[in-house]
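Listed below, chain by chain, are the residues.
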Amino acid sequence: MIQFEQTFRNFLLRHQEKYNRSYHFLILMYAIIAAAQRIELYYRTGALKDNLGVAGSINIHGENVLRMDQIAHEIVIHYLNSTERVIQAVSEETDDIIDMNRDGGRYFLYFDPLDGSSNVAHGLPVGFMFGIAKRNLDGNIQGPEDFHLRSGREYIATGMFVIPTGMFTLALREAGCWRFHADETNTYVKPSRMMLPEDSRKWELSYNAGNIYTFGEKIQKWININEKKYTFRYLGALAGDFHRLLLNGGMFMYPAIVNHPDPEKNRPQGKLRLMYEANVVAFMCTEAGGDAVDETGTPILDLPPEKHHQRTALYVGSKPLIDDIAKVLRK
Ligand code: AHG
Ligand code: MN
Ligand code: MN
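How each quantity is defined
- Residues numbered from 1 in each chain as written.
- Chains lettered and ligands numbered in written order.
- Predicted model: local features only at pLDDT ≥ 70, side-chain atom pairs only at ≥ 80, totals over all residues.
- Helix = DSSP H or I, 4+ residues; strand = E, 2+ residues; numbered from the N terminus.
- Rg over C-alpha atoms; globule rule 2.2 N^0.38 Å.
- Buried ≥ 20, exposed ≤ 12 C-beta atoms within 10 Å, placed from the backbone.
- Contact = placed C-beta atoms within 7 Å.
- Core = buried A, V, L, I, M, F, W, Y, C linked by C-beta atoms within 7 Å.
- Domains from an automatic or database assignment.

Let us now look at the overall build of the protein. Helix and strand content of the protein: 8 helices and 19 strands. Over its C-alpha atoms the protein spans a radius of gyration of 19 Å, differing by no more than 12% from the 20 Å that the globule rule assigns to 331 residues. Principal-axis analysis of the C-alpha atoms gives the protein an extent of 50 × 50 × 45 Å. Looking at the 331 residues of the protein, the share that counts as buried comes to 44%. Partitioning the contacts of the protein with sequence separation of at least 6, the portion at a separation of at least 24 is 62%.

A word on the nonpolar core. Judged by nonpolar contacts, the single largest core of 95 residues is most densely connected at Leu109, Phe128, Phe130, Val281, Ala292 and Leu314. Of the residues forming this core, the biggest block, 10 residues, is contributed by helix α7 (residues 274-287). Two domains share this core, each providing at least three of its residues, namely domain 1 (8-193) and domain 2 (200-330). Leaving out residues up to four positions away in the same chain, Val281 has contacts with Leu238, Phe242, Ala292 and Val316.

Now for the domain arrangement of the protein. Domain parsing of the protein yields domain 1 (8-193) and domain 2 (200-330). Distance from the C-alpha centre of domain 1 to the C-alpha centre of domain 2: 22 Å. Listed by partner, the interface residues are 30 residues for domain 1 and 27 residues for domain 2. Counting residues per element, the ones that place at least two in the side of domain 1 that touches domain 2 are β5 (107-115), α4 (117-120), β6 (126-134), β9 (157-163), β10 (167-172) and β11 (176-182).

Here it is as structure tokens:
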């Protein structure tokens, strides 16, 4: 007997119907899926076609741009533009905010087209992560649009594809965090609701252990006391590490770097980007019953972005662990 699973399309149609949402979001989601599938195709054949190396330029964050970073960025821009629903987009790969359909668009998109650069040369899992916010619309009355960058609390959805595994996770505001799988026909199917497990025996800690002595004293002390209680896992790609965390629970952290032996390498603001990395996972984690804070113990979703490439320290995961670390950070 063939097993027919519920498709993503069916899931989303029912969601839109239940919450009385417009069809515009469907159009946007289908463009995002088309982009992810195309990125995945390029990634699978990346080594064969010589696409896993560097592009030869340095990006605005001072990092080496990879061929795959460029390819993934171009793909996402193409598909977003094709929807005519996007007002503006922020990509990790371009300095400026990208204007799309400023008059007719409805959504703001914040994305990291390829997350986990250090995995690329090896063909290991990477991510495509995105956050979506909406134009100021009040029913049919169109309010004045201020084009301000939205805080995570104002996002309507965030999602992430783990490439090339065929796994896709989408969180919809107040409607939960859902995981889908690509089937034999590359259709996303079988929604399962993600809720972080309460049983702490499965919990994992995830951070770059090589950086421990560069973290603030409070965090080093917390790690010292707590690390023995949990398994440690680190893939080096937020998308992959967070993907594990959603199923197993625990905490992923990328703390501020404040004690580096070479002070130039300190990152008091953290490494990850607020709008298209931290907010994406913080939003998903919150919908899955977890939480996320920055280095001051402030909820990530409450941070007002002052610039679109703003960085932040990130602590995300099971609520009891985040509450505990937040207490330490606020002291
Ligand atoms: P990107 O490849 O988009 O620049 O992001 C990499 C990020 C994130 O995915 C990961 O969690 C973190 O950098 C890893 O950093 P370290 O190599 O310093 O551990
Ligand atoms: Mn990234
Ligand atoms: Mn990236």
